[in-house]
Amino acid sequence: MKRTPKLGIETSTALIGTAFSAMLLVLTAMNAGPLWRDETATFNLAHMPSLRDIWHNLRFESCPLLWPLLVRGCGVLGLIDSDMGIRILGLGVGLFLLTSLWLCQRWFGGRAPTLSIALLGGLPALIFVVGANRAYGLAGCLLVLSFGKIWRVLQSPSQSRILSAGVICLLFVQCIYYGVIFLGAMLAAGALIAIRRQRWKVAWAMAGIGLVAGASFFIYLPVMHQGSEFLSFWNSPFFEAATLWTGLGNALATRSSANPDAPYGLQIWIWIGLLLAGAIVAVIMQRTPVRQTPNAKVASTNRERSDLALFCVTSVVLGTIGYTGFLLKVQYFMQPWHYVEILILWAVSLDGILNASWPALRPWGLVRIGFLLGMMILNAGPAWAEAHTRRSNLDLVAAFLSQNASARDLIVVQDVWEGVTFNRYYRGQAQWLSVPPIDSHEVYRIDLVMAEMNQPEAMSPVLNAISNTLTTGHDVWLVGSIPIERLKDVPPGPTPLPPPPSEMPTRWWGGSYTYWWNQQVAAFLLDHAEQGKVETIATPGPVSHFEDVSVIRFTGYKLGIE
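Conventions we followed
Residues numbered from 1 in each chain as written. Predicted model: local features only at pLDDT ≥ 70, side-chain atom pairs only at ≥ 80, totals over all residues. Heavy atoms only, no water. Salt bridge = Lys/Arg side-chain N within 4 Å of Asp/Glu carboxyl O. Helix = DSSP H or I, 4+ residues; strand = E, 2+ residues; numbered from the N terminus. Buried < 20%, exposed > 50% of the residue type's maximum accessible area, 1.4 Å probe, protein only. Lys, Arg positive; Asp, Glu negative; His and termini not counted. Polar contact = N/O pair within 3.5 Å; in protein donor to acceptor, adjacent residues only side chain to side chain. Phe/Tyr/Trp six-rings, centres within 6.5 Å; stacked < 30°, edge-to-face > 60°. Contact = heavy atoms within 4.5 Å. Pairing = 2+ DSSP bridges. Axes fitted to C-alpha atoms, helices over the stretch in contact; angles between N-to-C directions. 1 Å grid on protein atoms, 1.4 Å probe; cavity = no way out; pocket = protein on both sides within 12 Å on 5 of 7 lines; lining within 4 Å. Points joined across faces, edges and corners; volume = space filled by probe spheres on them. Nonpolar A, V, L, I, M, F, W, Y, C, P; charged D, E, K, R; others polar. Disulfide = S-S within 2.5 Å.

### Some points on the pattern of salt bridges
Any two side chains of opposite charge can pair, given that their charged atoms come close.
Alright, step 1. Considering all chains together, one arrives at 13 salt bridges under this definition.
Alright, step 2. With a closest N to O distance of 3.3 Å, E304 and R197 form a salt bridge. Here R197 lies in the loop between helix 10 (179–196) and helix 11 (200–217) and E304 lies in helix 16 (residues 296–330), a separation of 107 residues in the sequence.
Alright, step 3. Among the ionic pairs, R391 bridges to E386, the shortest N-O distance being 3.3 Å.

### A short note on the side chain of R255
Alright, step 1. Here R255 shows up in the loop between helix 14 (241–252) and helix 15 (267–287).
Alright, step 2. It is D261 that comes nearest to the buried, bridge-free R255 among opposite-charge side chains, at 6.6 Å.
Alright, step 3. A polar contact of 2.6 Å, which involves the side chain of R255, links it to the side chain of N250.
Alright, step 4. A polar contact is formed between the side chain of R255 and the backbone oxygen of A262, at a distance of 2.5 Å.

### Some remarks on the packing of aromatic side chains
Alright, step 1. Inspection of the entire model under this criterion finds 31 aromatic pairs.
Alright, step 2. Ring centres 5.0 Å apart and planes at 45° place the aromatic pair Y178 and Y323 in the tilted group. Of this pair, Y178 sits in the loop between helix 9 (159–173) and helix 10 while Y323 sits in helix 16; the two residues are 145 residues apart in sequence, bridging distant segments of the chain.
Alright, step 3. The class for Y178 is buried, based on a relative accessible area of 10%.
Alright, step 4. Here Y323 falls in the buried class, since its relative accessible area comes to 3%.

### Notes on the side chain of T11
Alright, step 1. Structurally, T11 is set in helix 1 (residues 9–31).
Alright, step 2. Residues contacting T11, with those up to four places away along its chain left out, are W102, R106, R111 and A112.

### Things to note about helix 19 (residues 394–404)
Alright, step 1. Those residues of helix 19 that sit buried are L394, D395, V397, A398, F400 and L401.
Alright, step 2. Elements that come into contact with the buried residues of helix 19 comprise strand 1 (410–413), helix 20 (418–425), strand 3 (476–480), strand 4 (531–535) and strand 5 (550–555).

### Regarding the sheet that holds strand 2 (residues 431–434)
Alright, step 1. With mixed pairing, five strands are arranged side by side in an open sheet as 2-1-3-5-4. With partners counted over all chains shown, the strands left at the sheet margins are strand 2 and strand 4, one partner each. Across this sheet, the average inter-strand angle for adjacent strands is 20°, counted without regard to direction.
Alright, step 2. Pairing between strand 1 and strand 2: four bridges, direction parallel. If you follow V412 over to strand 2, its bridge partner there is L433.
Alright, step 3. Contacts between helix 19 and the sheet are confined to strand 1, strand 3, strand 4 and strand 5, with strand 3 contributing the most and set at about 175° to the helix.
Alright, step 4. Relative to strand 1, helix 20 is tilted by about 140°, and along the sheet it contacts strand 1, strand 2 and strand 3.

### With respect to helix 2 (residues 37–46)
Helical periodicity: at 3.6 residues per turn, an α-helix aligns residues three or four positions apart in one direction.
Alright, step 1. With respect to burial, helix 2 is a largely interior element, ten of its ten residues being buried.
Alright, step 2. Taken together, the buried positions of helix 2 are R37, D38, E39, T40, A41, T42, F43, N44, L45 and A46.
Alright, step 3. In this structure, the buried residues of helix 2 make contact with helix 3 (51–57), helix 4 (66–76), helix 5 (83–108) and helix 20.

### Concerning the layout of surface pockets
Alright, step 1. Volume-wise, the second largest pocket comes out at about 430 Å³.
Alright, step 2. The wall of the second largest pocket is formed by 21 residues, among which I272, L275, V316, T320 and W346 lie closest to the centre.
Alright, step 3. Within the residue set of the lining of the second largest pocket, elements represented by two or more residues are helix 14, helix 15, helix 16 and helix 17 (340–356).
Alright, step 4. Here the lining of the second largest pocket takes seven residues from helix 16, the largest share from any one element.
Alright, step 5. Within the lining of the second largest pocket, the residues separate by chemical class into 17 nonpolar, four polar and no charged.

### Remarks on the environment of N302
Alright, step 1. Mapped onto the secondary structure, N302 falls in helix 16.
Alright, step 2. With a relative accessible area of 29%, N302 lands in the partly exposed category.
Alright, step 3. Separated by 154 residues in the primary sequence, N302 and P456 have C-alpha atoms spaced 69 Å apart.

### Remarks on the state of the cysteines
Cysteine pairs can be covalently joined through their sulfur atoms, and such a bond is termed a disulfide.
Alright, step 1. Within this structure, the stated rule accounts for zero disulfides.
Alright, step 2. Among the cysteines around C74, which has no disulfide bond, C175 carries the closest sulfur, lying 13 Å off.
Alright, step 3. Note on C74: relative accessible area 13%, which makes it buried.
Alright, step 4. Residue C175 stays outside any disulfide, its sulfur separated by 7.1 Å from that of C63, the closest cysteine.
Alright, step 5. Exposure remark for C175: the relative accessible area of 0% places this residue in the buried category.

Structure follows, in structure tokens:
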């Protein structure tokens, strides 16, 4: 009888790391709690009455149709009719990503995705992003599968492999808009290998996959044209090239989203060092002669590893250059989710160069095992904290106000986007307004906010409502995270009206107006409310800094300086 082959030590260690990552994802699904504003906007878009409504509002979303339609389909089946349903869907995406890493490494011919699990499995930013109700997690899965499928086509270009690669690549570009950058980099790398091998049909297959995926992207041109009108609203007026480095450091930091002020740690230098090592190894493998060995099988294997290294390093170089150019063009405030796809591309490429290309256990496999164990120890604390972090506390705030705010009280939400979350969870009778006061809080209605930026008296409805509430003896509840304080060297009295965007130093950037409008509210409350008290709302566990709000109750009315 044949004995069942034992698992190798490297495979066993990678399975342990995968199990640790899966456990973190399960804990995240259990503890993430409510949807925060980005997730709520995506949920509301997916559950609009008709597909026409989804298409009409897609310009307010940051992803194409695939993820909203998936969420809608799960909702139709009754699978995600609650917050926990969304968390279970996110858990499925996270486990799918781990499975994709194993599949990709097997397609490369390696034992296990040791480096990918080490780099990604316990990264707090990835734990936060991959299970969220956003398209980034699914896009990461499809990126990994596209990468592996393209390599399989290069290995053996059968019709079924080309077709399956084309379908997955098509789904990838339907998941995130800038996926075309990474797909173009991977297909260009594949075409380079095909040309090097003088397999012209394979090179044409790479071009055909790219053309089909690119053609499917043309349906979004009207949406992107409409969305480009809002680009100035999101552009950072303080953006510079160093912002990309800072954002990368934040994405790789060994800290949870509830502790954004913790130090970066060593992660960014570990990644940079590995990328440089991978590039050097890939170059060395291209310079090493592979045809001088008398053993044809060994020569073929060496040639395959050399091509794999070239495929991986070319994908990384082209993908990094293309995506860096994209980020320099849009000039966003860099957030961890902006780096998820590039980090995944780096990780799987390093696995191809340093794992599949150097498969020996001694010494390289032992080095990889030691690296995986070291990264698990390094990430364990922050990853554990992230897995126990709530995404928002606005559900608790909404429940508190539903019980304590009377029908004639007024609730003011300091940020219009936090109003998206508040609108999902608030069930009380008191009137509530956002800053600025717009009449739609289902998705990110940037058009309505930009219209208010052109209105000098945009805050008049809010200030009048506050005045009427206080003068009639009722309370004003202020919800948000912006401090209630008067600017230094500013005398008592109302805050001057904001200038129009054409005269504002930061132009159409929304952050300046949000701060200015809240200064108007703060000054009015400080001048006219007799007392302000911060309410204590118990929270079961840490809360992500992206949506951690407080509640201040203002009572009484006094005449102020007009």
